[in-house]
Amino acid sequence: QVQLVESGGGLVQAGGSLRLSCVASGRTFSSYGMGWFRQAPGKEREVVAAISWSTRSTYYGESVKGRFTISRDNAKNTVYLQMNSLKPEDTAVYYCAAERSGSTRYKLQPTSYDYWGQGTQVTVSS
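Residues numbered from 1 in each chain as written. Predicted model: local features only at pLDDT ≥ 70, side-chain atom pairs only at ≥ 80, totals over all residues. Heavy atoms only, no water.

A. Spatial organisation of the pattern of salt bridges. Overall, the coordinates contain 5 salt bridges when judged by the stated rule. With a closest N to O distance of 2.7 Å, Glu46 and Arg38 form a salt bridge. A relative accessible area of 35% means that Glu46 is categorised as partly exposed. Residue classification places Arg38 among the buried positions, given a relative accessible area of 6%. Two residues, Arg67 and Asp90, come together in a salt bridge whose shortest N-O distance is 2.8 Å. One end of the pair, Arg67, is in the loop between strand E6 (58-60) and strand E7 (68-73); the other, Asp90, is in the loop between strand E8 (78-83) and strand E9 (92-99), and 23 residues separate them in sequence. What emerges from the salt-bridge pattern is a single network uniting Arg38, Glu46, Arg67 and Asp90. (Salt bridge = Lys/Arg side-chain N within 4 Å of Asp/Glu carboxyl O. Buried < 20%, exposed > 50% of the residue type's maximum accessible area, 1.4 Å probe, protein only. Helix = DSSP H or I, 4+ residues; strand = E, 2+ residues; numbered from the N terminus.)

Any functional reading would require information that these geometric values do not contain.
Spelled out as structure tokens, the structure:
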């Protein structure tokens, strides 16, 4: 069993930055593909960014491309989401997720992930 704990959310003005962190329990973090998702009120959960276990494969949603960066530090069992140039439409609860397929390619569908964090709120004011 893997437990994921997100942190780093908060209230920020448009144009500002936040860095989300997700710490995973367990000794097999380096073998998991990781993803960041978000869900705004009344909307479906959407993938923001994803990274394969090998870090050779990353994905960014069109709405965040060029502004957000996903990275991981396997020594710290942590995946990060650096968010720059934030916009009010980035407001949502952000979740990290882990999948254990061993694939060298990132996963985009929430149903592909096996473990989820509790979420952290990001609010961007205009």
